[in-house]
Amino acid sequence: MGCDGGTIPKRHELVKGPKKVEKVDKSAELAARWKYCALSQEKLRRPIVACDLGRFYNKDAVIEYLLDKSAERPNIEVATHIRGIKDVKELNLTDNPAWDGESNTKGDRYEALHRAMFICPVVGLEMNGKHKFSFLQTCGCVFSERAMKEVKTEICHKCGDPFQEGDLVVLNGTKEEMEKLTLRMEEKRAQAKAAKKSKKSKVSETVSKTEDTEAAGPSSSASSSAPSSTSSDPSKVAKPSSTTTTIGSKRSVQDMGDKSEIYKSLFTSHSSAKRSKDQISNWVTHTPYHF
């Protein structure tokens, strides 16, 4: 049974209490959200895109998902709201000059775990998850929340394109921010659908109006020409000119005065191409090689 050598057991050695809840490492969680693709779980590499909910994706992974939406693909629930390539926006990111790449350190030197690949072009904050970042749906440029608050403007700081407050999308936001973004995305899609329906109805109305005018055109022209013909003198009816008859009829090459005899002799209607009675034979063979 033990405890025969004068040892005194403690309570935690005899009584098994509840297991401690395992806590997720915050640095690992931030690295997974800001350094890896949300769909393929691979490292982010250019070109990088973001959806209306503020998640990072590799563009290659999104294209592969759109080509094959089978249920066997892992982590497919993250991209169910992506219907096409237009639902994502390619990001215009600013490289971090202090980023040397991920190196396999052996613990013999300092390793900056929160060093990020990209930074804010205005303030210089690293995009590592410690600070809020947003991107513009108009141009795809990425800025920190501090830069948008300090320098308030309606023009992009990087490319100069105009934008509105509704064009800002928070990257990797909280649950509340994600809910707001989903509502905004649904409203935006509903408005686009309604505008598309109204555009189709307007096109159909214009087509029907043109058809009505085309149908009413010949009848109106016929009715307008009828009184003019009755009012005019029947003896002064316009006769077809000789030029119209000559244009419609076929002219013979031999009747053309401006052509030479050498040119006219090229055609079978010339007198030299016609045979005389002596040249015409009164018998026919199976393979007639005669003239």
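Rules of the game
- Residues numbered from 1 in each chain as written.
- Predicted model: local features only at pLDDT ≥ 70, side-chain atom pairs only at ≥ 80, totals over all residues.
- Heavy atoms only, no water.
- Helix = DSSP H or I, 4+ residues; strand = E, 2+ residues; numbered from the N terminus.
- Buried < 20%, exposed > 50% of the residue type's maximum accessible area, 1.4 Å probe, protein only.
- Lys, Arg positive; Asp, Glu negative; His and termini not counted.
- Salt bridge = Lys/Arg side-chain N within 4 Å of Asp/Glu carboxyl O.
- Polar contact = N/O pair within 3.5 Å; in protein donor to acceptor, adjacent residues only side chain to side chain.
- Contact = heavy atoms within 4.5 Å.
- Pairing = 2+ DSSP bridges.
- Axes fitted to C-alpha atoms, helices over the stretch in contact; angles between N-to-C directions.

Asker: Is there a simple way to explain the side chain of Lys-264 in this structure?
Answerer: By the element assignment, Lys-264 lies in helix 7 (residues 261-264). Glu-261 provides the closest opposite charge to the buried, unpaired Lys-264, separated from it by 4.3 Å. A polar atom in the side chain of Lys-264 sits 2.9 Å from the backbone oxygen of Met-256. Sequence-distant contacts of Lys-264, that is, excluding residues within four places in its chain, are made with Val-253, Gln-254, Met-256, Lys-259 and His-270.

Asker: Help me out: how do you make sense of the sheet that holds strand 1 (residues 48-51) in this one?
Answerer: By way of backbone hydrogen bonds, the strands of a sheet pair with one another, either parallel or antiparallel. Strand order in this open sheet of three strands is 2-1-3, and the pairing throughout is antiparallel. The open sheet has two free edges, formed respectively by strand 2 (56-58) and strand 3 (88-90), since each of these has just one partner strand. Each strand axis lies, on average, 40 degrees off the axis of its neighbour in the sheet, ignoring direction. In this structure, strand 1 lies alongside strand 2, joined through three bridges in antiparallel fashion. Within strand 2, the position partnered with Val-49 by the bridge is Tyr-57. Where helix 3 (residues 59-67) meets the sheet, its contacts fall on strand 1, strand 2 and strand 3, and the angle it forms with strand 2 comes to roughly 80 degrees.

Asker: Looking at this model, I keep getting lost on unusual backbone geometry. Mind explaining?
Answerer: Of all residues except glycine, most have a negative phi; of all peptide bonds, most are trans. Backbone torsion omega between Arg-46 and Pro-47 reads 0 degrees, so that peptide bond is classified as cis. Located in the positive-phi region is Gln-41, a residue other than glycine, with phi close to 60 degrees. Structurally, the position occupied by Gln-41 is in the loop between helix 2 (26-34) and strand 1. For Asn-75, which is not glycine, the phi dihedral falls at a positive 60 degrees. Position of Asn-75 among the secondary structure elements: in the loop between helix 3 and strand 3.

Asker: Just checking my understanding: could you explain the pattern of salt bridges for this structure?
Answerer: Side-chain pairs of opposite charge can arise whenever the charged atoms involved come near each other. Going through the model one piece at a time under the given rule, you end up with eight salt bridges. One salt bridge in this structure joins Arg-46 and Asp-95, with 2.5 Å as the shortest N-O distance. Here Asp-95 lies in strand 4 (residues 94-95) and Arg-46 lies in the loop between helix 2 and strand 1, a separation of 49 residues in the sequence. Overall, Asp-95 belongs to the partly exposed group, its relative accessible area being 48%. We note a salt bridge from Glu-145 to Lys-149, for which the minimum N-O separation is 3.6 Å.

Asker: Help me out: how do you make sense of the pairing of strand 1 in this one?
Answerer: Two faces, one strand: in a regular strand the side chains alternate between the faces of the sheet. Residue alternation in strand 1 divides its side chains into two sets, Ile-48 and Ala-50 and Val-49 and Cys-51, and both sets are buried. What sits between the antiparallel neighbours strand 1 and strand 2 is a turn of four residues, in which Gly-54 has the positive phi angle 85 degrees. Where strand 1 and strand 3 come together, three bridges link them in antiparallel fashion. Bridge pairing in strand 3 links Val-49 to Glu-90.

Asker: I tried to follow the pairing of strand 6 (residues 133-136) on my own but got confused; where do I start?
Answerer: Because side chains alternate across strand 6, one face comprises the buried residues Phe-133 and Phe-135, and the other comprises Ser-134 and Leu-136, equally buried. Two elements, strand 6 and strand 7 (residues 142-144), share three bridges in a ladder whose sense is antiparallel. Bridging across to strand 7, Phe-133 finds its partner in Ser-144. Hairpin connection from strand 6 to strand 7: five residues lie between these consecutive antiparallel strands, with Gly-140 at a positive phi of about 90 degrees. One ladder, built from three bridges, connects strand 6 with strand 8 (residues 168-170); its direction is antiparallel. Bridge assignment links Ser-134 to a residue of strand 8, and that residue is Val-170.

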